[in-house]
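Close look at the chain arrangement
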Amino acid sequence: MPIASDSTLRFDVLIVGAGLAGLSAALRLAQRPEKLDICVLEKAPNIGAHTVSGGILNPQTLDQLHPNWKNALKHPPQAVTSDEFWWMTPQKQCRLPVPPGLKNTGNYLVSISQLCQILAAEATAQGVTILTGIAAQTLHTQDNRVQGVQTGAMGLDMQGQPTQNTTPGTDIMAHTTWLAEGCGGHLSQEVIQRFQLSTVPQHYALGVREIWTAPSQPGKVIHTVGWPLSSSAYGGGFIYHYPNDQLAIGWVSGLENPHSDPHQCLQDFKTHPAIAPQLRAGKRMGYAARALNEGGWQALPQLNFPGGALLGCAAGMLDLASMKGMHHAIQSGMLAADHYDPNHPEMHNYDQAVRKGSIGQALLRARNLKPALNKGLYFGLAYGCIDQYLFKGKAPWTYPLHPPKTLELTAPPRHPKHSYDGTLTFNKSSSVYETQVFHREDQPPHLKIHTPDHTQTLHKGHPVMALCPAEVYTIDPTTQAFHLSAGNCIHCKACTLKDPQQITWVPPEGGQGPQFKDIDT
Ligand SMILES: Cc1cc2nc3c(=O)[nH]c(=O)nc-3n(C[C@H](O)[C@H](O)[C@H](O)COP(=O)(O)OP(=O)(O)OC[C@H]3O[C@@H](n4cnc5c(N)ncnc54)[C@H](O)[C@@H]3O)c2cc1C
Ligand code: SF4
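Here's the deal with the site of ligand 2
Every residue lining ligand 2 is accounted for by Leu-447, Cys-468, Pro-469, Ala-470, Val-472, Tyr-473, Cys-489, Ile-490, Cys-492, Lys-493, Cys-495 and Trp-505. A per-class count over the shell around ligand 2 returns eleven nonpolar, no polar and one charged.

Here we look at the site of ligand 1
The full set close to ligand 1 counts 37 residues, and Glu-42, Val-52, Gly-54, Ile-56 and Cys-313 are the nearest of them. Within the backbone of Ile-56, one N or O atom sits 2.8 Å away from a nitrogen atom of ligand 1. A distance of 3.0 Å separates a nitrogen atom of ligand 1 from a polar backbone atom of Ala-136. Sorting the residues of the shell around ligand 1 by element identifies α1 (20-30), β2 (38-42), β16 (283-293) and α9 (326-338) as the ones contributing at least two each. Counted by class, the shell around ligand 1 contains 20 nonpolar, twelve polar and five charged residues.

Details of the pairing of strand β11 (residues 171-179)
Taken across its nine residues, β11 has eight buried, putting it largely inside the fold. With eight bridges joining them, strand β1 (residues 8-16) and β11 adopt parallel strand pairing. Considered in β11, the bridge of Arg-10 is made with Met-173. In terms of strand pairing, strand β10 (residues 145-151) meets β11 through three bridges, oriented antiparallel. Each bridged residue has a counterpart across the sheet, and for Gln-150 the counterpart in β11 is Asp-171.

Looking at the pattern of salt bridges
Taken as a whole, this structure holds 19 salt bridges when the rule is applied. Glu-210 is the partner of Lys-270 in a salt bridge, and the nearest nitrogen-oxygen pair spans 2.7 Å. Note that Lys-270 is positioned in helix α6 (residues 262-270) and Glu-210 in strand β12 (residues 204-213), a separation of 60 residues in sequence. Like Glu-210, Lys-270 is buried. Here Asp-351 ties to Arg-355 by a salt bridge, and the two come within 3.1 Å at their closest N and O atoms. A residue pair is termed a helical-turn pair when its members lie 3 or 4 positions apart in one helix, as Asp-351 and Arg-355 do in helix α10 (residues 348-356) at four residues. According to the relative accessible area criterion, Asp-351 is buried, its value standing at 6%. Using a relative accessible area of 21% as the deciding quantity, one classes Arg-355 as partly exposed. Three or more residues joined by partner-sharing salt bridges are found here, namely Glu-84, Arg-95 and Lys-220.

Things to note about the sheet that holds strand β3 (residues 56-57)
Ordered in space as β3-β7-β4, the three strands form an open sheet in which the pairing is antiparallel. Two strands bound the open sheet, and with one partner strand each, they are β3 and β4 (78-79). Here β4 pairs with strand β7 (residues 108-109) via two bridges, running antiparallel. What sits directly across from Gln-78, in β7, is Leu-109.

Topic: the packing of aromatic side chains
Scanning the entire structure with this criterion turns up eleven aromatic pairs. Aromatic side chains Trp-69 and Tyr-108 sit 5.8 Å apart centroid to centroid with 85 degrees between the ring planes, which places their arrangement in the edge-to-face category. Note that Trp-69 is positioned in helix α3 (residues 69-72) and Tyr-108 in strand β7, a separation of 39 residues in sequence. Sitting above the plane of the Phe-426 ring, Arg-284 keeps its charged end 3.9 Å from the centroid. Cation over ring: Lys-493 sits above Trp-505, and NZ or CZ is 4.5 Å from the ring centre.

Structural notes on the sheet that holds β12
Taken in spatial order, the seven strands make up an open sheet running β6-β5-β13-β14-β15-β12-β16, and their pairing is mixed. One side of each edge strand has no neighbouring strand; the edge strands of this open sheet are β6 (93-96) and β16. Across the sheet, the mean angle from the axis of one strand to that of its neighbour is 20 degrees, orientation sign disregarded. Inspection of the sheet shows strand β5 (residues 82-88) paired to strand β13 (residues 220-226) by seven bridges, in the parallel sense. Looking at the pairing, Met-88 lines up with Gly-226 of β13.

Brief notes about empty space enclosed by the protein
What the rule picks out here adds up to two cavities of 30 Å³ or more. Estimates place the volume of the largest cavity at around 80 Å³. If you go around the largest cavity, you meet 13 residues; those closest to its centre are Cys-468, Val-472, Cys-489, Cys-492 and Cys-495. The residue inventory of the lining of the largest cavity, partitioned by class, reads eleven nonpolar, one polar and one charged. By volume, the second largest cavity amounts to about 70 Å³.

The rules behind the values
- Residues numbered from 1 in each chain as written.
- Chains lettered and ligands numbered in written order.
- Predicted model: local features only at pLDDT ≥ 70, side-chain atom pairs only at ≥ 80, totals over all residues.
- Heavy atoms only, no water.
- Near = heavy atom within 4 Å.
- Nonpolar A, V, L, I, M, F, W, Y, C, P; charged D, E, K, R; others polar.
- Polar contact = N/O pair within 3.5 Å; in protein donor to acceptor, adjacent residues only side chain to side chain.
- Helix = DSSP H or I, 4+ residues; strand = E, 2+ residues; numbered from the N terminus.
- Buried < 20%, exposed > 50% of the residue type's maximum accessible area, 1.4 Å probe, protein only.
- Pairing = 2+ DSSP bridges.
- Salt bridge = Lys/Arg side-chain N within 4 Å of Asp/Glu carboxyl O.
- Phe/Tyr/Trp six-rings, centres within 6.5 Å; stacked < 30°, edge-to-face > 60°.
- Lys NZ or Arg CZ within 6 Å of the ring centre and 35° of its normal.
- Axes fitted to C-alpha atoms, helices over the stretch in contact; angles between N-to-C directions.
- 1 Å grid on protein atoms, 1.4 Å probe; cavity = no way out; pocket = protein on both sides within 12 Å on 5 of 7 lines; lining within 4 Å.
- Points joined across faces, edges and corners; volume = space filled by probe spheres on them.

Pasting the structure below:
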């Protein structure tokens, strides 16, 4: 139950989320000739602290938005110099032809946090109000139209009651409200349901990324499939080589894999003989995790709703063929700004501009990949070759994207107990420590399990036990009691996307959560 706000702010355009989508929209609006009052809200304590990417940027859209972006970075960005695609077995790797979507000629290796920071600086210089450490908690609606948001109160007790330190939230009202919360945004999910914007349910994956200082070959990009996943499961690894002996190494697994544990996959992946020696000469510097959407064209919701619009990964614009979403996030922000008409604020033209423009074309070309990959890795790869090489994504058929499998509560597989050496491989709790996550302890829990009895199913091997990259859901080995350590949560959203019926995620007090370290470029 939100506490009544004690003040109201009004803007022409309110943008929730200062990722690439939200900041690109704000900057593009500020570049328009007429003066607009624009506000961006960001729940992280500083810009870029909650954004996660491997960091390969297709620069075409950023070149249009901010032609001087390369000079605004601390150092010139590293161009991708080579691409490799590996099939992994436990001991060996075999180089395969690089799929067309994973060829990165002309792309750059960047830090997403730093890109967000330069866009925020430019937008602020052009008059945009950016409020960091402020979470949009609830939507304001009137006459079935979104009118703005209420920000979260600070200083409530665990039961949600005010204390003498409580600061009520603020009503932030706007002519139009754009949700740029990234994948699984809680307000974005609410409008998709409330306004029935989607007919095909979204599919999700979870990506886990570590930053290492280790010998690197700047510009080299490696994507992998196969081990440590079985061929029936969907996922893969990446290793991106940055300048100054820095590496981004990560793993992405589909949430539909039963008992998917991308953190564990990444730890296993790093022990491969082709990878471990390089990492053993270095040190892990950062850990992060974030959900991604993979439904693409078939799951793309209607992008406008009464009173606002969905931008970037909040709508699901990641291109599965290239495993990239940054350029689409930037472009969707630009298109929203270009199609905002103060006299006709319903943003219909924005929806059409995305669908008919290069974002829609890329998603349409990749529309058959996810349905094919859902049939297993071998079929997915073989089909992907035919679809992308032979038909170039223009096959005269569309495989339907079926809804994700319903939640299976099966006993987890009996793995030998994992061991971690603390130099190459790390358990979840030491990984969470790297994120510098912080939540005030005596605030209302930001993770809710709806049916108290549902904790019983957690004992039976609920998928989120393995899935959560931050060990938030645990069973005490001695008492067998279930523990929910919400303070560890690193805001990846995977648990609520896996079991939305039972698990609700809302933002905690603004300015809390992880502070992800990114590549220092
Ligand atoms: C492991 C991994 C690797 C990836 N690698 C690549 C890659 O190499 N190249 C590529 O192009 N793409 C990559 N992607 C995808 C890319 O990172 C995303 O497509 C892109 O960041 C989406 O941008 P966005 O602005 O839509 O969302 P986000 O980057 O998620 O930004 C959303 C922002 O909104 C804020 N927010 C959310 N809710 C609220 C709220 N209620 N109130 C206030 N603030 C809120 C968040 O804190 C965040 O800062 C990768 C993703 C992952 C997870
Ligand atoms: S509890 Fe937090 S870190 Fe764990 S899966 Fe859910 S959102 Fe991610």
